[in-house]
There are 6 protein chains.
Amino acid sequence: MRPSGRNLNEMRKVTIETGVTKHAEGSCLIKVGDTHVLCTATIEDRAPSFLKNTGLGWVTAEYGMLPRATHSRTRREAAAGKQGGRTVEIQRLIGRALRAGLDRSALGERQIVIDCDVIQADGGTRCASITGGWVALRLATNKLLAKGIITSDPLIDHVAAVSCGIYAGQNVCDLDYAEDSEAGVDGNFIMTGKGKLIEVQMSAEGSTYTRDQMNQLMDLAESGIAELVAAQKDAIG
Amino acid sequence: MRPSGRNLNEMRKVTIETGVTKHAEGSCLIKVGDTHVLCTATIEDRAPSFLKNTGLGWVTAEYGMLPRATHSRTRREAAAGKQGGRTVEIQRLIGRALRAGLDRSALGERQIVIDCDVIQADGGTRCASITGGWVALRLATNKLLAKGIITSDPLIDHVAAVSCGIYAGQNVCDLDYAEDSEAGVDGNFIMTGKGKLIEVQMSAEGSTYTRDQMNQLMDLAESGIAELVAAQKDAIG
Amino acid sequence: MRPSGRNLNEMRKVTIETGVTKHAEGSCLIKVGDTHVLCTATIEDRAPSFLKNTGLGWVTAEYGMLPRATHSRTRREAAAGKQGGRTVEIQRLIGRALRAGLDRSALGERQIVIDCDVIQADGGTRCASITGGWVALRLATNKLLAKGIITSDPLIDHVAAVSCGIYAGQNVCDLDYAEDSEAGVDGNFIMTGKGKLIEVQMSAEGSTYTRDQMNQLMDLAESGIAELVAAQKDAIG
Amino acid sequence: MRPSGRNLNEMRKVTIETGVTKHAEGSCLIKVGDTHVLCTATIEDRAPSFLKNTGLGWVTAEYGMLPRATHSRTRREAAAGKQGGRTVEIQRLIGRALRAGLDRSALGERQIVIDCDVIQADGGTRCASITGGWVALRLATNKLLAKGIITSDPLIDHVAAVSCGIYAGQNVCDLDYAEDSEAGVDGNFIMTGKGKLIEVQMSAEGSTYTRDQMNQLMDLAESGIAELVAAQKDAIG
Amino acid sequence: MRPSGRNLNEMRKVTIETGVTKHAEGSCLIKVGDTHVLCTATIEDRAPSFLKNTGLGWVTAEYGMLPRATHSRTRREAAAGKQGGRTVEIQRLIGRALRAGLDRSALGERQIVIDCDVIQADGGTRCASITGGWVALRLATNKLLAKGIITSDPLIDHVAAVSCGIYAGQNVCDLDYAEDSEAGVDGNFIMTGKGKLIEVQMSAEGSTYTRDQMNQLMDLAESGIAELVAAQKDAIG
Amino acid sequence: MRPSGRNLNEMRKVTIETGVTKHAEGSCLIKVGDTHVLCTATIEDRAPSFLKNTGLGWVTAEYGMLPRATHSRTRREAAAGKQGGRTVEIQRLIGRALRAGLDRSALGERQIVIDCDVIQADGGTRCASITGGWVALRLATNKLLAKGIITSDPLIDHVAAVSCGIYAGQNVCDLDYAEDSEAGVDGNFIMTGKGKLIEVQMSAEGSTYTRDQMNQLMDLAESGIAELVAAQKDAIG
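Keep in mind that this is a model prediction, so the values were computed, not measured.

Draft legend 1. Up close: the overall build of chain A. When its secondary structure is counted, chain A shows six helices and nine strands. Here the C-alpha radius of gyration of chain A, 18 Å, is about what a compact globule of 237 residues would show, namely 18 Å. Dimensions of chain A, computed from C-alpha atoms along their principal axes, come out at roughly 50 × 40 × 30 Å. Residue pairs in contact within chain A that sit at least 24 positions apart in sequence constitute 69% of those at least 6 positions apart. Looking at chain A, you have 27 positive and 29 negative side-chain charges, and the mean spots of the two groups are 6 Å apart.

Here's what the structure looks like:
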């Protein structure tokens, strides 16, 4: 029995509300159960300097968490004077994931920055950031296409992510915080709309796992990601 | 004519939605026109060390702005490695303002941290933070009272704030960004529910003003703050 | 009775010695009672980048305190690795105040940096910094005029500042440290030589005040600032 | 054809020299081809504070790279004033990997710090750090056992790591820098001596992959890790 | 011919004014020509933790330079967010020098912090800091003796410092900035009142020197330091 | 009797192995007894900006210590977020020393960076860094000469360094850690191959010394440096 009463392969309820901030070129508020992340896309006219004169574009991401997104208050990273290791790791992952679905040549020499800010956390914030971040990216690139600034679509496919793990001896999909903090083995699975893999990060804390278990979790992830992609399609209309 | 078409003494529409995050002891999302600030209150069992064995409590505040709360993207302070001067100044102001309405002895040796995070900015974010921050503080202290952890109310009165200034030669109430960026003189006025003053910060950028003009702006501020206090009362029921 | 034995409206003795350091384009040591601040002005050939090609100049300020300017030793900010919130707030205030008396177009695209370093502190260091900083600025702009680098005077009027507050139930002018640390209400008042207001920052710590009280303090401030402006005139000859 | 002329499933030559520094409780210099990493283990009498009174121990890791370990000089992180995102990510991975093979209760309330410093880099430094770090950890725990400070072995099994990827359309084992910088898909595989999985991190940069491809790379990794475990056994005698 | 017209072995005029700040336990303003350094001594009740329960005391120093102490403005280290290498090197030297003349057992488990802040710089600021810092230390220890907090004098002898170098092919004493910036060889010599050596730092920038030249500079230094010690004696009365 | 059993004037065994890392333009591992330092030279096409259009080159140095180079583990400076005062002092010394033997005009407008990383420490790491750093510099400049990038040799002479001090009342050459931590007086002596002096840093911690003692230590240093120069000659063949 899962703490939330969900079935083993059952995702939390997913909603994606777009256009939630008037300034950003693309934005959405994604809710995966009680995990709420605000994702915005900013189009910048210039690509990073290492791409100068290559004709290629870039997508990067930054991740943050409001201090009271968590059960007890987390120290504000701006006050601490640096981003923690976990933050850095997550934002590198989000950027890498979104670039895997990107035709950098179609984007041209510009950069899109995806900001993912966790308003409320209940497990799976990095996966929600990727899934919501893709929607913000989609909306921003739509704007570039609509204005004729670019002429071919730089997004090859949907990108979405889910975490699955072994909780209380059973394989479960879309771990919430209660499960995540107990699971000895869990993984983040990032895939395209067509089911191709982009990134798998599956780790054990004080434990190990077999290839069989890994394959079972990947089966769960595939069905979860199909649901997330459907929610993305609903959101962008 | 104001850019928004408002009358000179007309506030923007104010809404305060409470209970917006499940973890915080008190929370609200205050919207003053297009300025949206998420305010949360965290109760900590210990007061700062300078209050040890005094029996007195403390309220402090932290302020942040999501990178794309602004028209063009603002660099994330956590990435920059420090809070800017403007941020530090604002969060000190919020804390000082809320403490002015506090009976520190009734609160006892504990601290309440008010986090004000700007989701969307359109001028007046520090005033909205104070007005919303007081609601979060009210809800958190209500919880302490309801649980019997404290027995007399530590909040003496409402605390709310509004900015007024001289825009295009005319005194206007509740400046939005379009007005704020043009006004040569503007002030932030913080008052209690009974109309007592807590803080006045009135400055001229490349300009000066007279005591008459100051008094006229204070008249505008008094009426604006009365509206904000009414909105606070609605919100806390 | 004030700790210093002064009358309620009595300023401390003010002296301003100019030319105290041979390198700076303008300098003075201002003493307001036991508060001693060394103010220097540095002329830089370039304005900040946001003024590029505008023909406008800029005045900015930095503030520091020697570690043993205070009763017990204060940690050196350079060793702590950052400027504290109080320092940042004060130096922003000094710069804003001095710019209010500045004709930026007459200055042309250059910057003058005012450094205010507190040698000994006894309350009112930010006000002394503004009053002394203006003298350093005056001397530096005189040099620009004398050399024919600029041809019309960029300083519109004197700028000076004083703090007034409510100490032991009475309105007093020019608070020293003994009064400042006890006063529940105090304000910093910045005015021009002609008595126009530049900035008012009046705050209550754990208290409130009325508009009547505010007006009484402003009356005190006006007479105190007249004395400071007289001292500035003496200093610059 | 691989740049090095190796067969697709061929590891680089692996040597592990132990006892390379006289101060550390355990140390080795691991060479995987031209990638050379110095690994040291430091035993600390105290566990991190979050383990106080739990009876459990901890293993953590830090990673660094000498400035000229790389083809062109990399800026020294101590001079830059912070560890970069890549460094933080890698040292978190090393620590997590080594803890997966650890019986924290057998170790008792103490901490072992594994320092992995790259002397020369040619791809696969994080994998070499894990494989060599385990040897340093083994030697340090042997010392604790020999001295009778602990009585049962806290190391459950060997831990080793290898990277495999798709280079020029073919699955290859143990990527060197020339391959790594070109591979669109690559993964780091961490396993125990008995072939159980600890962590899989498989990512695509601007590309995707299938589950079939993932399984083929895992087959390669299994054989590579068997070689590494054999080298570890040789080293510890 | 020296730029200042001084003879080869001629010191600049030295004055040491004591009691220049009312808060410090000891203070002086030392002027060596146009080099002016404010030195203060702060007595702290506790020694650094590495001396706990040893009965021994400590003297440490911090060094700073006001931004406009120099010909062109130097960036404020507090704003830069760290003390530069030169600052760190100098303050370590001052502390080491003053400790060489200290009976740490007579001082007992307390610390005296010497702050040396350069008000105006014209070469030789580290030497002036040592010479003036010793006077501040002397005054502070006198206070401890007068109050009976310590009963035997912790200062064994005077400590003073001078720089000598080879300028335009000739050995000169007490280099000013004009000489210092041109000298290929120069040294800082720190001695006691009785002429014992504490520290010699003699370096060549893009040049070398012989033992003969070194001995000649040390002769110059001995006579210069005798003058400085006389000035110290005058100052402390 | 010295702890190591050496004679008073006896150096530790010195070996210098060149070509130890494949990427650097010059490299060596210098071992002075149990002190082991890896020195690499990196040639950069551009000189520092202050040399722009002067035709002159520059040599600079950075110094680091692996965390477990020391008896107990030293905190990693990259993790601490800054280089300590000792590190900064040492790397400035190394750079200054190597520049003293440099014909900057023959080097032309380029920079050579010498990285000295202590693998194992047993006293005298800064001296070993200078002696080994010169070898790395020699190899890198040889490469520039061999390629015809420069045509006249920018190295005027060998540069080497040794520490001597007074241990247990006797003058000893090449202090190891056991001696260094007890010596009240010690100095670092840097000389050229022809015996000219470059830098002398001789200090007393809680003690003093005479010119006679200084001269005796310099005699010891001269003979030690002759041995080091011979080892450098062997190494570069």
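So that's the structure; there's more coming.
Draft legend 2. Geometry of the relation of the copies chain B and chain C. Note on the identical chains: chain B maps onto chain C by a rotation of 180 degrees and an axial translation of 0.0 Å, with an RMSD of 0.0 Å. The superposition of one copy onto the other is thereby described by a two-fold rotation axis. Distance from the rotation axis, computed per C-alpha, reaches its smallest value in chain B at Gln201(B): 2.2 Å. A share of 100% of interface residues in chain B that are also interface residues in chain C marks the association as one of identical surfaces.

Draft legend 3. Local environment of the interface of chain B and chain C. Contact residues are listed per partner, giving 31 residues for chain B and 31 residues for chain C. Together, the buried faces of chain B and chain C total about 2900 Å²; carbon and sulfur atoms form 46% of this surface. Broken down residue by residue, the surface that chain B buries against chain C is led by Glu89(B), Leu197(B) and Arg211(B), which jointly contribute 23%. The tally of links from chain B across to chain C stands at ten salt bridges. Taken together, the links from chain B to chain C amount to 20 residue pairs in polar contact (both at pLDDT 80 or more).

Draft legend 4. Quick peek at the side chain of Asp157(B). The topology assignment puts Asp157(B) in the loop between helix 4 (125-146) and strand 6 (159-167). A distance of 3.3 Å separates a polar side-chain atom of Asp157(B) from the backbone nitrogen of Gly193(B).

Draft legend 5. Summary view of the packing of aromatic side chains. Enumeration over the complete set of coordinates arrives at six aromatic pairs over all chains. With 5.1 Å between their ring centres and 90 degrees between their planes, Phe50(C) and Trp58(C) make a pair best called edge-to-face.

Draft legend 6. Just the UniProt feature "domain: Exoribonuclease phosphorolytic" (unreviewed entry) in chain A, in detail. Residue and element names in this part refer to chain A. According to UniProt, the feature "domain: Exoribonuclease phosphorolytic" (unreviewed entry) maps to residues 10-140 and 159-223 in the numbering used here. From the first C-alpha to the last, residues 10-140 spans 31 Å; its make-up is 31% helix and 31% strand. Along residues 159-223 the backbone is 26% helical and 45% strand, and the end-to-end C-alpha distance reaches 14 Å.

Draft legend 7. How the structure looks around the arrangement of the chains. Note that chain C does not reach chain D: the shortest distance linking a C-alpha of one to a C-alpha of the other is 11 Å. There is a clear gap between chain A and chain E: no contact, and 11 Å between their nearest C-alpha atoms.

Draft legend 8. Layout of helix 6 (residues 211-236) of chain D. Its 26 residues give helix 6 of chain D an end-to-end C-alpha distance of 37 Å, which sits within 8% of 38 Å, the value for a rise of 1.5 Å per residue. Among all positions of helix 6 of chain D, only Met214(D), Leu217(D), Met218(D), Leu220(D), Ala221(D), Gly224(D), Ile225(D), Leu228(D), Val229(D), Ala231(D), Gln232(D) and Ala235(D) are buried.

Draft legend 9. Molecular detail of the pairing of strand 6 (residues 159-167) of chain A. Residues and elements named next belong to chain A. Counting buried positions over the nine residues of strand 6 gives nine, a clear majority of the element. The side-chain alternation of strand 6 yields two buried faces, one formed by Val 159, Ala 161, Ser 163, Gly 165 and Tyr 167 and the other by Ala 160, Val 162, Cys 164 and Ile 166. As paired strands, strand 6 and strand 8 (residues 185-192) are joined by eight bridges and run antiparallel to one another. Bridge pairing in strand 8 places Ala 160 opposite Met 191. Taken together, the four bridges between strand 6 and strand 7 (residues 170-173) define a ladder with antiparallel strand orientation. Of the residues in strand 7, the one forming a bridge with Gly 165 is Val 172. Counting the residues that bridge the hairpin from strand 6 to strand 7 gives two residues, and of these Ala 168 lies at a positive phi of roughly 50 degrees.

Draft legend 10. A look at unusual backbone geometry. Of note in this structure, Asp174(C) is not a glycine but carries a positive phi near 65 degrees. Along the chain, Asp174(C) falls in the loop between strand 7 (170-173) and helix 5 (177-180). Judged by relative accessible area, which is 4%, Asp174(C) ranks as buried. Even without a glycine there, the phi angle at Asn53(D) is positive, about 65 degrees. Mapping Asn53(D) onto the fold places it in the loop between strand 3 (35-44) and strand 4 (58-65).

About the thresholds
Throughout this document, residue positions are counted from 1 along each chain, in the order its sequence is written. Labels are handed out in written order, letters beginning with A for the chains and numbers beginning with 1 for the ligands. Predicted model: local features are reported for residues with pLDDT of at least 70 only, side-chain atom pairs are reported and counted for 80 or more only, and whole-chain, interface and lining totals are derived from all residues. Computation of side-chain values covers all heavy atoms of the structure but excludes hydrogens and water. A helix here means a DSSP run of H or I that spans at least four residues, while a strand means a run of E at least two residues long, and both kinds are numbered starting from the N terminus. Put simply, the radius of gyration uses C-alpha atoms, and a globule should come to 2.2 Å times the residue count raised to 0.38. Note on definitions: a residue-residue contact is assigned when non-hydrogen atoms from the two residues lie within 4.5 Å. The charge count treats Lys and Arg as positive and Asp and Glu as negative. His and the chain ends do not count. Positions of charges follow a simple convention, taking NZ of Lys, CZ of Arg, CG of Asp or CD of Glu. Copy-to-copy superposition: least squares on the C-alpha atoms, limited to residues that have pLDDT of at least 70 in both copies. When two parts are put together, the accessible area they lose, computed with a 1.4 Å probe and summed over both, is reported as buried area. Put simply, a salt bridge is a Lys or Arg side-chain nitrogen that is within 4 Å of an Asp or Glu carboxyl oxygen. By the criterion applied in these results, polar contacts are pairs of N or O atoms within 3.5 Å in which, for protein atoms, one can donate a hydrogen and the other can accept it, and in which residues neighboring in sequence qualify only through two side-chain atoms. Side-chain rings of Phe, Tyr and Trp (the six-membered ring for Trp) are treated as a pair once their centres are within 6.5 Å; stacked means planes under 30 degrees apart, edge-to-face means over 60, and tilted covers the remaining angles. UniProt positions are given in the numbering used here, feature names are shortened, and annotations may be inferred rather than shown by experiment. Here the expected span of a helix is defined as 1.5 Å times the quantity of residues minus one. The rule is simple: take the accessible area with a 1.4 Å probe, protein chains only, and divide by the maximum for that residue type; under 20% is buried, over 50% is exposed, in between is partly exposed. At least two bridges found by DSSP between two strands are what make those strands a pair.

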